[in-house]
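What follows is each chain in one-letter form.
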Amino acid sequence: MRLIALILVPLLGALIASGRVLTARRRVTCLLAAAVVHLALTASLWLVPAEPVLGGWLAGDPLGLVVLSLVSVLFLALAAYSVGYLQVENPRGGRLFVSCLMGFLAAASLVVLSHQMGLMWVGLEATTLSMAPLIFHRHDRRSLEAVWKYLVISSVGIALALLGMFFLATAQVGGGTSGPLMVLEDLVSQAPAMSPAWLKAAFIFLLVGFGTKMGLAPMHTWKPDTYGEAPPLVGALMAGALTSCAFLGIARIVQITTSAGLADFIRPLLIGFGLLSLLVAAVFIVAQSDIKRLLAYSSVEHMGLLVLGLGVGGVGAYGTMLHLINNGLAKGLLFLAVGNVVLATGTSHAPRIHGILRSRPVSGVLLVAGLFAVTGSPPFGLFLSEFTILSGAVRGGHPWVAAAMLLLLAVIFIGMASVILEVAYGESDPALPRVRESAWLTGGPLALAAGVLLLGLYIPPALHSLLARAAASLGGGAP
Amino acid sequence: MSHLDQVLLLTVVLTNFVVLGTTRLSTCIRAIAVQGLLLGVLPLVLHPGAEPGLVALAVGTVLVKAVFLPSFLLWAIREASVRREVEPLIGYITSLLLGAVAVAIAFAVAQRLPLPEQSLALLVPVGLSTVIIGLLVLTTRVKAVTQVVGYVMLENGIYAFGLTLAKRVPLLVELGVLLDVFVGVFVMGIVVFHINREFDSLSSAHLTELKD
């Protein structure tokens, strides 16, 4: 029941908000209510695990619960931010905006809870579609261009992923089963009997297809344009939640192929895509002067780290699961802080912004904290998760991968710090007087900053055991 | 595999080459309409016996791929007054040669992926080559409408491969229809672009304001 409610509650909210019955204020209340109920249901899954429903098509395994918790927490912070945001920038009443936000939450929950791979694919397609009106919120020429690029590239990715799903079904039919097809648990248990050739083909198409949605290099080209033009909370939702859902798609096929004994085939591919993403991110971050596009390349970097952690295996898989949460929280924090800067100054061109710490002290502090969090500096959580991935690489016998990763992370740190510190420090623009910022615009990012800081200092035992079980299902282990 | 389905599948490959070689946009759209029709009747030819699930799949596919999408695209061209030429980034001869390479690659790859059911083996290379040629059209044609044509071909290729599973899991194959939602969004986007006059032309090569 709770599993179905996790999908239906936001879906119902989206339907209610899409009608004309509610006033703008009530609509936002509806959004907040859906976010709170969703988080409460997610929390209840931590306390009392839910039985699979609908013949095993919906279930809450550790891997799914990690992603679900991240999506749910991030969404509540973003829903609170949207109250403040829609007061500042809201060309058309926000009806479509609010209902698409909730529609995304419903689709993301479907992706996370589906243990039937076809159903999961439907959820991923729905997340892609629900994002389009959110990116197009401003209805101007630049956001039109951004949404066109996003849709063309993502739709090709999702189509290739469907072909990968068909390959997976063919592998399962060839394995000689007579029961229902495409249920995750069956796929994992029957994988050793399946044809390795079809499984490899399925892996490649799903990696490229979901990798496109995730924004792994070289399929990342939609990301800078889309993140550059999308409203701040939409960018945060994409970088934190949408990409995590797409990553879960890759994690599922890793589960299946690992069980089939194909780890030696998939790991070099994962490491290759991971390192390439880090390299592309490093090159473009150094030459970047637009702060929102800077965040997009930072997202490419972190997606690279996620697949790299899976590729090195061992404790790397634990590091990846921890990094998924840390990255989601840090991206939410940084996108919202940058969003406040852009709302205040009207530009995202870094050389024209100075002294944010003086003119907008709270957002300025959040911006600097976000910079250090996202670049993996201690004491923030990303330091811990990146270190775990690094030690996974060393222990897994990939010292050169570890060395390349360290070098690229250092370059990325220098590139990001040089841009963001310029924006934060210095004399403030006289045309930008110091004002008190709305609590709605700072509350969400403050909570996210607290979360990512806490995870750097202390990992609760319940979270540790969940992450360890999720890593075990991916063929890895806990440190 | 009977004689008729082989003829149908090879005609599907031929329609790919019509799209690659033609200079006229309307010919492209008619070619994918024919392709949709061929793919629509295939499930009945491959699995004779008129099972309700397969008949529904065939009827739905013909309606969507052979009737609705092509007329929607032709309507969009009229509505947005798109110029009738294809405007490729690479020449027609090069396109056709690359198409031939794609078919060769598809057959070579299919050799290494034996189907559990041997009688359907020709679906694999035909599906893969249509996917590759669809991607080729998508990336080498300038106009937004032609890109949509390429996307429909990509989708048709995936559907052709899906037919190997049609008897076992028709529902999974029918999921492909959700990809047509994207096609609908693209076509509406094209029409709305024009109405808003936000772009001078529909060419996505003009979508270059955002660049590093």
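For the structure, see preceding data.
Owing to the predicted nature of the structure, the values given are computational and were not obtained by experimental measurement.

Definitions and cut-offs
- Residues numbered from 1 in each chain as written.
- Chains lettered and ligands numbered in written order.
- Predicted model: local features only at pLDDT ≥ 70, side-chain atom pairs only at ≥ 80, totals over all residues.
- Heavy atoms only, no water.
- Helix = DSSP H or I, 4+ residues; strand = E, 2+ residues; numbered from the N terminus.
- Buried < 20%, exposed > 50% of the residue type's maximum accessible area, 1.4 Å probe, protein only.
- Contact = heavy atoms within 4.5 Å.
- Areas by Shrake-Rupley, 256 points an atom, 1.4 Å probe, with all protein chains shown as cover.
- Axes fitted to C-alpha atoms, helices over the stretch in contact; angles between N-to-C directions.
- Parallel < 35°, antiparallel > 145°, perpendicular 65-115°, else oblique.
- Nonpolar A, V, L, I, M, F, W, Y, C, P; charged D, E, K, R; others polar.
- Buried area = accessible area lost by both parts, 1.4 Å probe.
- Polar contact = N/O pair within 3.5 Å; in protein donor to acceptor, adjacent residues only side chain to side chain.
- Phe/Tyr/Trp six-rings, centres within 6.5 Å; stacked < 30°, edge-to-face > 60°.
- Lys NZ or Arg CZ within 6 Å of the ring centre and 35° of its normal.
- Patch = residues over 30% accessible without salt bridge, like charges linked within 9 Å, V, L, I, M, F, W, Y side chains within 5 Å.
- Salt bridge = Lys/Arg side-chain N within 4 Å of Asp/Glu carboxyl O.

Draft legend 1. Here's a closer look at the overall build of chain B. Within chain B, the secondary structure is distributed over eight helices and zero strands. Listed N to C, the secondary structure of chain B is α-α-α-α-α-α-α-α in terms of helices and strands. Residue burial in chain B is summarised as follows: out of 212 residues, 55% are buried. Put simply, 77% of the contacts in chain B that link residues at least 6 apart link residues at least 24 apart. Carbon together with sulfur atoms contributes 68% to the accessible area of chain B, which is approximately 8,900 Å² in total.

Draft legend 2. Looking closely at the packing of helix α15 (residues 361–374) of chain A against helix α17 (residues 399–424) of chain A. All names here are of chain A. Axis separation between α15 and α17 bottoms out at 10 Å; the angle between their running directions is 175°. Here α15 lies roughly antiparallel to α17, going by the angle between them. The residues of α17 that touch α15, namely those facing Leu367, Val368, Leu371, Phe372 and Val374, are Phe413, Met416, Ala417, Ile420, Leu421, Val423 and Ala424. Of the residues assigned to the contact of α15 with α17, the class counts are twelve nonpolar, no polar and no charged.

Draft legend 3. Looking closely at the interface of chain A and chain B. Counting residues at the interface gives 43 residues for chain A and 43 residues for chain B. The largest contributions to the chain A side of the interface with chain B come from A:Arg141, A:Trp148 and A:Phe166, which together make up 20% of the buried area. At the boundary of chain A and chain B, one finds five residue pairs in polar contact (both at pLDDT 80 or more). Breaking the side of chain A that touches chain B down by element, the ones donating at least two residues are α5 (117–135), α6 (141–174), α8 (196–214), α9 (222–229) and α12 (291–312) of chain A. Here the side of chain A that touches chain B gets 22 residues from one element, more than from any other, and that element is α6(A).

Draft legend 4. Representation of the packing of aromatic side chains within the structure. Enumeration over the complete set of coordinates arrives at 17 aromatic pairs over all chains. With a centroid separation of 5.2 Å and an interplanar angle of 85°, the aromatic rings of A:Phe167 and A:Phe205 are classed as edge-to-face. Here A:Phe205 lies in helix α8 and A:Phe167 lies in helix α6, a separation of 38 residues in the sequence. The exposure class assigned to A:Phe205 is partly exposed, which follows from its relative accessible area of 22%. Plain terms: the ring middles of A:Phe167 and B:Phe161 are 4.8 Å apart, the flat faces sit at 85° to each other, and that makes the pair edge-to-face. Taken together, the positions of A:Phe167 in helix α6 and B:Phe161 in helix α6 (residues 144–162) put the pair across two chains. Look at B:Phe161 and you get buried, because its relative accessible area is 1%. In textbook terms, an aromatic cluster arises when at least three aromatic residues are bridged by ring pairs, as seen for A:Trp148, B:Tyr151, B:Phe182 and B:Phe186. One Lys or Arg, A:Lys200, reaches over the ring of A:Phe265 and ends 5.1 Å from the middle of that ring.

Draft legend 5. View of unusual backbone geometry. All names here are of chain A. Cis geometry is adopted by the peptide bond preceding proline 218, which originates at alanine 217 and carries an omega value of 0°. Residue placement: proline 218 occurs in the loop between α8 and α9. Cis geometry marks the peptide bond from proline 378 to proline 379; its omega dihedral reads 5°. Positioned with a positive phi, leucine 54 is a non-glycine residue whose angle comes to about 55°. Overall, the relative accessible area of 56% leaves leucine 54 in the exposed class.

Draft legend 6. Representation of a nonpolar patch on the surface. All names here are of chain A. A surface patch of nonpolar side chains, about 590 Å² in accessible area, is lined by Leu8, Leu11, Leu12, Leu15, Ile16 and Val21. Mapping leucine 8 onto the fold places it in helix α1 (residues 2–18). Judged by its relative accessible area of 46%, leucine 8 falls in the partly exposed class.

Draft legend 7. Geometry of the environment of B:Gly40. Residue and element names in this part refer to chain B. Relative to the helices and strands, glycine 40 resides in helix α2 (residues 25–46). We classify glycine 40 as buried; its relative accessible area is 0%. When sequence neighbours within four positions are dropped, the list of residues in contact with glycine 40 reads Ala58, Thr61, Val62 and Tyr159.

Draft legend 8. Representation of the pattern of salt bridges in the model. All names here are of chain A. This structure, assessed with the given rule, holds nine salt bridges over all chains. The closest approach of N and O atoms between arginine 252 and aspartate 61, which form a salt bridge, is 2.8 Å. With arginine 252 in helix α10 (residues 232–259) and aspartate 61 in the loop between α2 (24–47) and α3 (62–88), this pair connects stretches of sequence that are 191 residues apart. Each member of the pair, arginine 252 as well as aspartate 61, is classed as buried. Across the salt bridge formed by arginine 358 and glutamate 427, the nearest N and O atoms sit 3.9 Å from each other. Separated by 69 residues along the polypeptide, arginine 358 in helix α14 (residues 356–359) and glutamate 427 in the loop between α17 and α18 (439–457) bring together distant segments of the chain. According to the relative accessible area criterion, arginine 358 is partly exposed, its value standing at 48%. Owing to a relative accessible area of 60%, glutamate 427 belongs among the exposed residues under this scheme. Overlapping salt bridges, with partners in common, bring together Glu145, Lys149, Asp225 and Arg293 in one network.

Draft legend 9. Structural context of the packing of helix α3 (residues 52–79) of chain B against α6(B). Residue and element names in this part refer to chain B. Packing of α3 against α6 leaves a shortest axis separation of 11 Å and a crossing angle of 170°. As summarised for this structure, α3 and α6 are arranged roughly antiparallel, according to the angle between their axes. Contacts between α3 and α6 involve Leu57, Thr61, Lys65, Leu69, Leu73 and Ile77 from the former and Val145, Val148, Val149, Val152, Glu155, Asn156 and Tyr159 from the latter. Its residues placed into classes, the contact of α3 with α6 shows nine nonpolar, two polar and two charged.

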